[in-house]
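A structural walkthrough
Below are the chains, spelled out letter by letter.
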Amino acid sequence: MRADTPGAEAPDLAEIRKCVHCGICLPQCPTYRVLGEEMDSPRGRIYLMRAAAEGRMGLTETFQRHIDLCLGCRACETACPSGVMFGSLLEATRAQLRRAGPPPSQRLLRAFVFSVFPWPGRLGAALGVFKLYKRSGLRRLVRASGLLRGLPGLAAMEALLDDVPAATPMPDVIRARGQSIGRVGLLTGCVQRHLYANVNHDTARLLSLAGYEVVIPSGQGCCGALELHAGRTDAHEARARALAAAFPADLDFIVTNAAGCGSAMKEYGRRISGLAPFAARVRDVTEVLAGAALPLGPLDLTVAYHDACHLAHGQRLREEPRQLLGRIPGLRLVELGDSDLCCGSAGVYNLLEPGMARALLERKLTRIAETGARVVAAANPGCLLQIARGCRERGLDVAIVHPVELLARAADAYQG
Ligand code: SF4
Ligand code: SF4
């Protein structure tokens, strides 16, 4: 027994009771698809939450295991006809479980993840160490020795990283090209600014081409999404408040190109007093660009689009990225089977639950191989890392890119 009572962070019983046990969500749930276990489905997890909330069970290790295995992908929310907000139930449940602490086998890894990942400076330093590890030849030795075999979380982290690009700082402001239609802020993110700085540069350039002045506050930190999904609600709130304060109050939108960050930021107002006006101005880059004119030249490419969970399920944005890619002359967009089934990345889930993450990645790779596409587009850095890792390991000759990278290349190809 880890803890006896649900406590102050307990999920909302009225929300739990909205579940009518119809089971429509089950086939959409990645963990149910892999395991076929009721308690690893949304309905089963809600049943457990209800039993705990009504005092019929404690927060046992079994309870925790079924909750830990949940990806927080929110595919069940999309499927649910009763409108159960599973994401917020999960956040409250994880906050409850946090009081009892993580399972002993995950303590060190979680401590490392949460003391490094949400801190852009520390993350940059850790990635610098990784760069040395790779360039010195140590990586080859470690891999050959099988040293990481007993450390699945560390092995997953090591396998995810291929290379760390050189840092390319961004200016504080980028002026609008042509007639200005507004002024927006750009979130640079944590993983994004270090591993996909090119995506941030492409995002800013496209927004400028579309007619926006782009403000990029250099002091901005992490959005707190990782902490929210882990039940670290105090840390999440502190980060949200600091992030909102870093952006000028008169911006039309705060633009993100990381689905997980955007989803968390759009919901700041639901759980943090005073942040509703900031949250209302948050937009994914594809939402902003879909409504703008962009000069796009031809790209002779066949592209499959993967729906990042926190874009499709968290923000309900499916059409905008497809519409944008469809505007590129010559680009053939092909259907990816199960495109909105999680790839197993889910924030740091692939480090904490590498077995389930791997099973989901294998399914995603099989669907990708079926398309014959040489390019897969996905609008979240976690998906980019996870799918790229899978393609490398399976030997698939497929480039994994953010949609803005394709749009920026098409803008370069524009002849006027
Ligand atoms: S959030 Fe995803 S993994 Fe969790 S219960 Fe819902 S569909 Fe399943
Ligand atoms: S679809 Fe909704 S109401 Fe039906 S079992 Fe799933 S969570 Fe409950």
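Reference entry: report on the structure contained in this document. (Residues numbered from 1 in each chain as written. Chains lettered and ligands numbered in written order. Predicted model: local features only at pLDDT ≥ 70, side-chain atom pairs only at ≥ 80, totals over all residues. Heavy atoms only, no water.)

Within the structure, ligand 2 sits among Cys19, Val20, His21, Cys22, Gly23, Cys25, Arg43, Ile46, Cys80, Pro81 and Ser82. Its residues assigned to classes, the shell around ligand 2 shows seven nonpolar, three polar and one charged. (Near = heavy atom within 4 Å. Nonpolar A, V, L, I, M, F, W, Y, C, P; charged D, E, K, R; others polar.)

What follows is about the sheet that holds strand S2 (residues 182-186). The five strands are arranged S1-S3-S2-S4-S5 in an open sheet whose pairing can be described as mixed. Both edges of this open sheet fall to strand S1 (173-174) and strand S5 (282-284), since each of them pairs with a single strand only. For S2 and strand S4 (residues 253-256), the ladder comprises three bridges, and the chain directions are parallel. Across the sheet, Val184 pairs through a bridge with Phe253, a residue of S4. Along the sheet, helix H12 (residues 197-210) makes contact with S1, S2, strand S3 (212-215) and S4, crossing S3 at roughly 145 degrees. With respect to the sheet, helix H15 (residues 259-266) is in contact with S4 and S5, its orientation differing from that of S5 by roughly 155 degrees. (Pairing = 2+ DSSP bridges. Helix = DSSP H or I, 4+ residues; strand = E, 2+ residues; numbered from the N terminus. Contact = heavy atoms within 4.5 Å. Axes fitted to C-alpha atoms, helices over the stretch in contact; angles between N-to-C directions.)

What follows concerns the sheet that holds strand S8 (residues 375-377). The four strands are arranged S7-S6-S8-S9 in an open sheet whose pairing can be described as parallel. Edge positions in the open sheet fall to strand S7 (332-334) and strand S9 (399-401), since each of these has one partner strand only. Sheet twist, expressed as the mean angle between neighbouring strand axes with direction ignored, is 30 degrees. Relative to S9, S8 runs parallel, the two being bridged by three bridges. Bridging across to S9, Ala377 finds its partner in Val401.

Our next topic: the side chain of Asn350. Within the secondary structure, Asn350 sits in helix H21 (residues 349-352). At 3.1 Å, the side chain of Asn350 and the side chain of Gln386 are in polar contact. (Polar contact = N/O pair within 3.5 Å; in protein donor to acceptor, adjacent residues only side chain to side chain.)

Attention now goes to the pattern of salt bridges. Scanning the model with the defined rule gives 36 salt bridges in all. When the shortest N-O distance is used, the salt bridge between Arg45 and Asp40 registers 3.6 Å. Each of the two residues, Arg45 as well as Asp40, counts as buried. Two residues, Glu393 and Arg358, come together in a salt bridge whose shortest N-O distance is 2.5 Å. Remark: Arg358 occurs in helix H22 (residues 354-371) and Glu393 occurs in helix H23 (residues 381-394); sequence separation between them is 35 residues. Via salt bridges that share partners, Arg74, Glu77, Glu91, Glu267, Arg270 and Arg271 belong to a single interconnected network. (Salt bridge = Lys/Arg side-chain N within 4 Å of Asp/Glu carboxyl O. Buried < 20%, exposed > 50% of the residue type's maximum accessible area, 1.4 Å probe, protein only.)

Overall, the coordinates contain five aromatic pairs when judged by the stated rule. With a centroid separation of 6.3 Å and an interplanar angle of 45 degrees, the aromatic rings of Phe247 and Phe278 are classed as tilted. Pair noted here: Phe247 is in the loop between helix H14 (233-246) and S4 and Phe278 is in helix H17 (residues 276-280), with a separation of 31 residues, a long-range link. Exposure remark for Phe247: the relative accessible area of 5% places this residue in the buried category. Since its relative accessible area comes to 4%, Phe278 is described here as buried. Ring pairing ties together the aromatic residues Phe247, Tyr268 and Phe278, which thus form one cluster. It is Arg122 that lies over the ring of Trp119; its NZ or CZ is 4.0 Å from the centre. The ring of Phe114 has Arg232 lying over it, and the distance from NZ or CZ to the ring centre is 4.1 Å. (Phe/Tyr/Trp six-rings, centres within 6.5 Å; stacked < 30°, edge-to-face > 60°. Lys NZ or Arg CZ within 6 Å of the ring centre and 35° of its normal.)

Here helix H10 (residues 152-160) has its buried residues at Gly153, Ala156, Met157, Glu158, Ala159 and Leu160. Close packing links the buried residues of H10 with helix H7 (107-116), helix H8 (120-135), helix H9 (138-145), H21, H22 and H23.

Let us now look at the side chain of Arg281. Considering the arrangement of structural elements, one finds Arg281 in the loop between H17 and S5. Ignoring sequence-local partners within four residues, the contact set of Arg281 consists of Pro248, Ala249, Asp250, Leu251, Asp252, Phe253 and Ile254.

Once that is clear, we can look at the environment of Glu77. Looking at where Glu77 falls in the secondary structure, it is placed in helix H5 (residues 75-79). Each C-alpha atom, one on Glu77 and one on Glu319, is 18 Å from the other, the two residues being 242 residues apart in sequence. With residues up to four places along the chain from it excluded, the contact list for Glu77 reads Val84, Met85, Phe86, Gly87, Ser88 and Arg316.

Glancing now at the environment of Leu331. By the secondary structure assignment, Leu331 is in the loop between helix H20 (319-326) and S7. On a C-alpha basis, the gap between Leu331 and Ile216 in space is 31 Å, while along the polypeptide they are 115 residues apart. With near-sequence residues (within four places) excluded, Leu331 lies in contact with Leu299, Leu301, Val303, Leu325 and Leu406.

Our next topic: the packing of H22 against H23. Running from amino to carboxyl end, H22 crosses H23 at an angle of 75 degrees, the nearest separation of the two axes being 10 Å. Judged by the inter-axis angle, H22 sits roughly perpendicular to H23. In this structure, H22 contributes Ala357, Arg358, Leu361, Glu362, Lys364, Leu365, Thr366 and Ile368 to the contact, and H23 contributes Gln386, Ile387, Arg389, Gly390, Cys391, Glu393 and Arg394. Among the residues making up the contact of H22 with H23, the classes are represented as six nonpolar, three polar and six charged. (Parallel < 35°, antiparallel > 145°, perpendicular 65-115°, else oblique.)

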